[in-house]
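Spelled out from the first residue to the last, the chains are:
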There are 2 protein chains.
Amino acid sequence: MRHAEVTYRLTSVDASDIDDLASDLLLEQTFETPQEVVNKYVGLAERAGEVHDIRPAANGAVDVTLHLPDDDIQDVAQFVNRIFGNVSIHPNIRLIDFIPSSGLARRFEGPRLGAEGIREAFGFPPRPLTCTALKPVGLSADQLAELCRTFAESGIDIIKDDHYLSDQPTAPFKERIKRCADVAADVSARQGRPIWYVPSVSGSPDEVRRRCEATEDAGLRAVMLAPMTTGLPVLHSVRRDTDLAILTHPSFSPVASIAPKVLWSTLFRMLGADAVIFVNAGGRFDYSVEECRTVAATMMAPVFDLKASLPVPAGGIALDDVPHTIQRYGNDCALLVGGSLLKQKDLGAATRRFVEAVAKNALLAE
Amino acid sequence: MRHAEVTYRLTSVDASDIDDLASDLLLEQTFETPQEVVNKYVGLAERAGEVHDIRPAANGAVDVTLHLPDDDIQDVAQFVNRIFGNVSIHPNIRLIDFIPSSGLARRFEGPRLGAEGIREAFGFPPRPLTCTALKPVGLSADQLAELCRTFAESGIDIIKDDHYLSDQPTAPFKERIKRCADVAADVSARQGRPIWYVPSVSGSPDEVRRRCEATEDAGLRAVMLAPMTTGLPVLHSVRRDTDLAILTHPSFSPVASIAPKVLWSTLFRMLGADAVIFVNAGGRFDYSVEECRTVAATMMAPVFDLKASLPVPAGGIALDDVPHTIQRYGNDCALLVGGSLLKQKDLGAATRRFVEAVAKNALLAE
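Report on the accompanying structure. (Residues numbered from 1 in each chain as written. Chains lettered and ligands numbered in written order. Predicted model: local features only at pLDDT ≥ 70, side-chain atom pairs only at ≥ 80, totals over all residues. Heavy atoms only, no water.)

Spacing of three or four residues puts side chains on the same side of an α-helix, whose turn is 3.6 residues. Along helix α1 (residues 18-28) of chain B, the residues that are buried comprise B:I18, B:A22, B:L25, B:L26, B:L27 and B:E28. In the core, the buried residues of α1(B) are packed alongside β1 (3-10), α2 (35-41), β2 (50-56), β3 (62-69) and β4 (93-99) of chain B. (Buried < 20%, exposed > 50% of the residue type's maximum accessible area, 1.4 Å probe, protein only. Helix = DSSP H or I, 4+ residues; strand = E, 2+ residues; numbered from the N terminus. Contact = heavy atoms within 4.5 Å.)

Encoded structure:
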């Protein structure tokens with residue numbers, strides 16, 4: 001299979017024009033010239049791709065599936081250019097599905113550890129991993145480290161920075177990660193279990209590189225990155241140039257233009273995301289259970305030899321939601337609960353209840 | 001003014017919940033925690049921002065305007081995180097307007113040359129500049145240079161690479177820009193007028209840096225960059241780290257999530273775009289005249305002391321469209337006509353007709 005397969009959902013279209021429109025989209029994503037120009041100058045059939053399918057969707061929308069050539073895709077920028085380049089400029093077109101060719105899947109490495117590698121690092125516990133967040137921005141490094149200590153002592157596996165934490169004077173990056181890394185290492189040694197503190201790494205590409213180096217120097221194993229804010233190529237650079245596990249954050253994700261299962265579950269995974277934060281149904285974001293399960297399933301589904309990314313449902317999971325959240329995603333995930341813990345009067349007690357709820361409601365091997 | 005002002009358009013909302021929803025959006029874009037957590041841990045009023053306005057829009061939509069703090073925005077990644085971070089994850093919310101604070105406008109430099117600087121480089125001709133594209137991908141460096149020669153000899157001011165041209169074996173970057181730069185310099189010397197050949201620069205952040213250096217080494221003045229494919233921080237890096245003028249390409253622009261006037265006219269400009277390619281009404285993309293004029297007007301409107309970006313309407317402008325396109329945008333623009341020329345039998349003659357049409361239909365100072 002030499003072609004990548006993309007499906008766009010077109011709304012507000014005139015059904016009588018759909019064949020021409022589909023051909024136009026194909027040209028837009030390949031040669032970006034009228035067909036006469038292709039005939040006149042190039043005529044390379046293997047670069048032309050094809051309109052594979054056109055079919056009606058709900059509410060008068062139409063789904064157009066194209067097979068697109070991948071032979072001139074050398075890097076991440078060209079990759080997204082090919083699958084959602086000029087077509088993205090149409091306000092009524094959404095990228096709803098994408099399947100890479102084997103060549104494309106090989107061109108980018110995918111996760112280094114992936115879901116299994118991360119669970120292995122925690123000794124394959126028979127339950128989802130627990131994850132929480134250090135926030136809000138405005139706290140000092142000492143205050144964040146104190147939160148980190150409470151979370152760690154109360155049994156959390158993965159303690160990540162809030163994505164708003166960058167290098168603010170209130171909690172400078174190096175000071176913050178030193179303090180929190182020391183706390184995590186200290187509690188981990190005393191409790192005899194792995195605890196990951198995961199700093200949020202942001203900034204320009206050079207700054208991301210420096211902060212990743214500082215993270216490795218601090219003995220930490222992973223970083224959190226919001227790839228749409230730093231640029232998708234930076235995700236791939238961190239994957240390729242460091243040994244860090246990567247937890248992706250969905251900030252600045254244009255989900256009205258690109259379906260979450262394409263952006264988070266497929267693109268982030270192809271470019272190296274070991275674990276992917278996404279929004280769980282019933283929280284602060286209006287997503288259906290079905291859509292969220294598809295997001296999780298897609299990041300774990302076979303795609304040539306890419307490792308699976310670990311699903312990290314988040315976005316307003318309350319303690320009471322733990323049982324049905326585990327039912328939705330199984331044990332191969334990490335539940336991220338932040339604000340629901342921080343708002344409790346006794347943070348340590350609330351965190352212990354969360355950890356216990358996860359253990360108690362874990363799916364059992366029969 | 002210490003706050004940035006953003007407006008989100010919410011569709012499919014329950015109007016009775018709108019006050020709560022607006023407050024939730026404000027929290028999402030500032031502390032990303034429940035209000036109780038802010039009260040308990042931070043309570044920093046100046047970082048809280050405020051819901052400034054809520055008003056009905058067409059078709060049952062609601063526009064929510066927030067004032068957001070800018071004091072902890074240190075770089076591009078944090079910038080987009082603040083104005084369209086987690087809110088972007090709502091499929092029914094679009095960022096439709098954005099006004100930076102003075103602090104934010106100063107934090108990023110904006111265009112180095114801008115519209116006036118580019119027009120000055122061409123001697124302030126009393127007409128729009130003319131721009132065209134070398135394509136399609138698949139041609140050799142020699143073939144592209146031959147197209148470049150025809151365009152240059154026929155009177156074009158700015159000859160840019162197609163955005164699909166990267167470093168393909170058919171036309172490797174260094175070979176291509178050497179050939180095309182030589183042609184442009186040769187014709188420029190013979191005709192005694194400036195001619196810009198503008199290479200498309202793509203790839204990882206490091207690769208973009210290397211290609212910008214090669215562009216400067218080739219004696220060229222400008223590059224074309226598709227900031228959404230490379231990552232927005234790379235646009236700012238090129239602005240800050242090179243002396244090159246920057247022409248932005250709109251590929252991978254999620255316009256269903258972010259209005260073009262915000263993304264292309266405001267964000268690209270703040271981060272250093274000297275000239276901004278956007279789609280003209282009546283071409284291949286379904287945009288209204290009014291929206292396109294707003295895109296152009298917004299990139300030239302006063303924003304503190306930022307220079308204006310030069311509007312570059314494109315996307316299927318036919319030769320017959322030249323008069324009303326100039327009427328729409330005035331002389332302070334560059335008309336980008338690519339495929340409409342390349343599809344003509346006699347490329348040189350068609351290009352001369354385009355150049356003449358621009359001169360003839362230019363707006364005259366009374």
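At an RMSD of 0.0 Å, chain B and chain A line up after a rotation of 180° and a shift of 0.0 Å along the axis. The relationship between the two copies is best expressed as a two-fold rotation axis. Using C-alpha coordinates, one finds that chain B approaches the rotation axis most closely at B:G231, a distance of 1.7 Å. The residues that chain B uses at the interface reappear at the interface of chain A in 100% of cases, marking a shared surface. (Least-squares fit on C-alpha atoms with pLDDT ≥ 70 in both.)

For the rest of this paragraph, the subject is the interface of chain B and chain A. Chain B puts 80 residues into the contact, and the matching count from chain A is 80 residues. Here chain B and chain A share an interface that buries about 6,900 Å² over both sides, 56% of which is from carbon and sulfur atoms. Broken down residue by residue, the surface that chain B buries against chain A is led by B:I89, B:Y164 and B:F252, which jointly contribute 12%. Applying the counting criterion to the chain B and chain A interface returns eight salt bridges. For B:E32, the salt bridge identified is with A:R284, shortest N-O distance 3.1 Å. The interface formed by chain B and chain A contains 42 residue pairs in polar contact (both at pLDDT 80 or more). Of all elements in the fold, only α2, α3 (76-84), α8 (205-217), α9 (227-230), α10 (232-241) and α14 (339-342) of chain B reach the threshold of two or more residues within the side of chain B that touches chain A. Element by element, the count of residues in the side of chain B that touches chain A is highest for α3(B), at six residues. When the residues that make up the side of chain B that touches chain A are grouped by side-chain class, the tally is 34 nonpolar, 29 polar and 17 charged. (Buried area = accessible area lost by both parts, 1.4 Å probe. Salt bridge = Lys/Arg side-chain N within 4 Å of Asp/Glu carboxyl O. Polar contact = N/O pair within 3.5 Å; in protein donor to acceptor, adjacent residues only side chain to side chain. Nonpolar A, V, L, I, M, F, W, Y, C, P; charged D, E, K, R; others polar.)

Relative orientation and spacing of two packed helices are given, respectively, by the angle between their axes and the distance between those axes. Residues and elements named next belong to chain A. Across the interface, helix α6 (residues 141-153) lies against helix α7 (residues 173-191) with an axial gap of 9 Å and an inter-helix angle of 20°. It follows from the interaxial angle that α6 and α7 lie roughly parallel. Read as a crossing pair, α6 and α7 show a hand that is right-handed. Together, A141, D142, L144, A145, C148, R149, A152 and E153 of α6 and E175, R176, R179, C180, V183, D186, V187, R190 and Q191 of α7 make up the contact between the two elements. Tallied by class, the residues present in the contact of α6 with α7 amount to eight nonpolar, one polar and eight charged. (Axes fitted to C-alpha atoms, helices over the stretch in contact; angles between N-to-C directions. Parallel < 35°, antiparallel > 145°, perpendicular 65-115°, else oblique. Left-handed = near helix turned anticlockwise from the far one by under 90°.)

We now examine the pairing of strand β5 (residues 129-134) of chain B. Residues and elements named next belong to chain B. Counting buried positions over the six residues of β5 gives six, a clear majority of the element. Where β5 lies against strand β12 (residues 334-336), three bridges are found, and the strand directions are parallel. By the bridge assignment, L129 is partnered in β12 with A334. Relative to strand β6 (residues 158-161), β5 is paired through four bridges, and the arrangement is parallel. By the bridge assignment, A133 is partnered in β6 with K160. Taken together, β5, helix α6 (residues 141-153) and β6 form a β-α-β motif whose crossover is right-handed. (Pairing = 2+ DSSP bridges. Right-handed = clockwise from strand over helix to strand, strands pointing away.)

Another point: the packing of helix α3 (residues 76-84) of chain A against helix α10 (residues 232-241) of chain A. Residues and elements named next belong to chain A. The geometry of α3 relative to α10 is characterised by a closest axis approach of 8 Å and an angle of 135° between their N-to-C directions. As far as their axial angle goes, α10 and α3 are oblique. Crossing of α3 over α10 shows right-handed handedness. Between α3 and α10, the residues in contact are V76, A77 and V80 and L232, P233 and H236, respectively. Grouping the constituent residues of the contact of α3 with α10 by class yields five nonpolar, one polar and no charged.

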